[in-house]
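If you want the building blocks of each chain, they are given just below.
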Amino acid sequence: MRILVFSDVHGNLNALESVLADAGAVDAAWCLGDVIGYGPDPNECIRRIRALPNLTCLLGNHDAAAVGRIPLEAFNPEARQSIRWAQGVLDPESRAFLEERPETAVHGDVTLAHGSPRTPIWEYVLDRFTALANFQHFDTPFCFVGHSHLPQVFTLTGAGRLQQQLLETGSLLVLEGRAILNPGSVGQPRDRDNRAAYGIYDDQEHTWQQCRTAYDIASVQKRIIEAGLPPHHAARLLEGW
């Protein structure tokens with residue numbers, strides 16, 4: 001199957017729509033969590049994601065906080081403000097959708113988690129030390145995670161060597177051995193590239209294509225300001241941080 005893998009939409013409908021248009025027809029969609037937070041379109045993003053074919057959508061830390069599973073005090077003041085705002089605007093269907101999200105999922109050769117397989121909601125897989133520890137916490141060959149907003153792959157070879165690599169746009173990887181992959185963020189990239197990031201996984205060929213697509217950032221920034229959300233969350237979209 002041709003599978004769309006994406007994460008960290010963070011209430012950015014423009015970025016999400018651009019990803020869906022750029023990806024084209026897919027057989028399934030795997031969302032790795034944080035549908036809401038930061039951005040101005042939580043209900044619209046949830047409705048759009050719910051309509052995707054053969055959907056698996058995980059619970060992210062911002063999603064969990066919005067439905068009361070994580071205390072707001074765990075977040076920085078600006079993130080806390082955005083979550084409080086989302087709590088006030090989420091409609092009943094959106095809230096129910098978030099409440100029903102699992103923390104992990106397994107599809108064939110792939111384990112899915114938002115943060116890490118060891119600590120699905122909170123842990124960031126940013127370095128080789130953390131990645132190496134997490135290979136002990138999933139049994140499948142591959143694990144797809146989000147949370148860090150950085151497109152990268154950690155590959156564990158048969159000789160026990162661990163390699164870390166940032167994923168370049170358009171690159172096609174043939175997955176061998178064991179690997180932890182992150183598609184980057186749809187709605188708030190943090191690798192100094194402001195384009196929405198996602199991956200396409202072929203579960204028969206075991207290939208991963210890293211993709212990026214531009215979107216109307218100015219429109220999202222305008223809606224963030226109009227909603228009374230932190231201006232910082234609008235400013236960072238343009239620079240991709």
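Conventions adopted
Throughout, a residue's number is its position along its own chain's written sequence, starting from 1. In keeping with the predicted nature of the model, local features appear solely for residues at pLDDT of at least 70, side-chain atom pairs appear and are counted solely at 80 or more, and the whole-chain, interface and lining totals rest on all residues. Only hydrogens and water are set aside when side-chain values are computed; all heavy atoms of the structure are taken into account. Here a strand pair is declared whenever DSSP counts at least two bridges between the two strands. By the criteria applied, helices consist of DSSP H or I runs no shorter than four residues and strands consist of E runs no shorter than two, each listed in order from the N terminus. Every axis in this analysis is a line fitted to C-alpha atoms, fitted for helices over the stretch in contact. Angles between the N-to-C directions lie between 0 and 180 degrees. Definition used for salt bridges: Asp or Glu carboxyl oxygen within 4 Å of a side-chain nitrogen of Lys or Arg. When accessible area is computed with a 1.4 Å probe and restricted to protein chains, residues below 20% of their type maximum are described as buried, those above 50% as exposed, and intermediate ones as partly exposed. Two aromatic rings from Phe, Tyr or Trp, using only the six-membered ring of Trp, form a pair when their centres are within 6.5 Å; if the ring planes differ by under 30 degrees the pair is stacked, by over 60 it is edge-to-face, and anything between is tilted. Criterion for a charge above a ring: Arg CZ or Lys NZ at most 6 Å from the ring centre, at most 35 degrees from the ring normal.

J.: Looking at this model, I keep getting lost on the sheet that holds strand β11 (residues 196–202). Mind explaining?
T.: With mixed pairing, six strands are arranged side by side in an open sheet as β3-β2-β1-β11-β12-β9. Edge positions in the open sheet fall to β3 (55–57) and β9 (172–174), since each of these has one partner strand only. Within this sheet the neighbouring strands show an average axis-to-axis angle of 20°, counted without direction. In the sheet, β9 pairs with strand β12 (residues 207–213) via three bridges, with the strands oriented antiparallel. In the sheet register, L173 faces β12, and the bridge partner there is W208.

J.: What am I meant to see in the sheet that holds strand β10 (residues 178–183) here?
T.: Hydrogen bonding along the main chain pairs the strands of a sheet, whether they run parallel or antiparallel. The strand order across the open sheet formed by six strands is β4-β5-β6-β10-β7-β8, and the pairing between neighbours is mixed. Every interior strand has two partners, whereas the edge strands, β4 (104–107) and β8 (162–166), have only one. Pairwise comparison of adjacent strand axes, ignoring direction, gives a mean angle of 15° for this sheet. The pairing of strand β5 (residues 110–113) with strand β6 (residues 142–144) spans three bridges and is parallel. Residue pairing across strands places V110 opposite F142, the latter belonging to β6.

J.: So what exactly am I meant to see when it comes to the pattern of salt bridges here?
T.: Side chains that differ in charge, positive against negative, can pair when their charged atoms come close. Counted according to the given criterion, the structure contains ten salt bridges. Among the ionic pairs, R48 bridges to E17, the shortest N-O distance being 3.1 Å. Here R48 is found in helix α2 (residues 42–50), whereas its partner E17 is found in helix α1 (residues 13–23), with 31 residues between them in sequence. The partly exposed category is assigned to R48, whose relative accessible area is 30%.

J.: Honestly, the packing of aromatic side chains in this entry has me stumped. Any pointers?
T.: Two aromatic rings are characterised by how far apart their centres lie and by the angle between their planes. All told, the structure shown has six aromatic pairs when counted by the stated rule. Here W30 and Y201 contribute two aromatic rings whose centre-to-centre distance is 6.1 Å and whose plane-to-plane angle is 40°, an arrangement assigned as tilted. With W30 in strand β2 (residues 28–31) and Y201 in strand β11, this pair connects stretches of sequence that are 171 residues apart. You'll find W30 and Y201 in the same group, each marked buried. Taking 4.9 Å as the distance between ring centres and 65° as the angle between the ring planes, the aromatic pair formed by F144 and W208 counts as edge-to-face. Separated by 64 residues along the polypeptide, F144 in strand β6 and W208 in strand β12 bring together distant segments of the chain. Counting every residue linked through ring pairs, the aromatic cluster contains W30, F144, Y201 and W208. Looking at R101, its charged tip hangs above the ring of F97, at a distance of 3.9 Å from the centre. A cation sits over an aromatic face here: R178 above F138, 4.5 Å from the ring centre.

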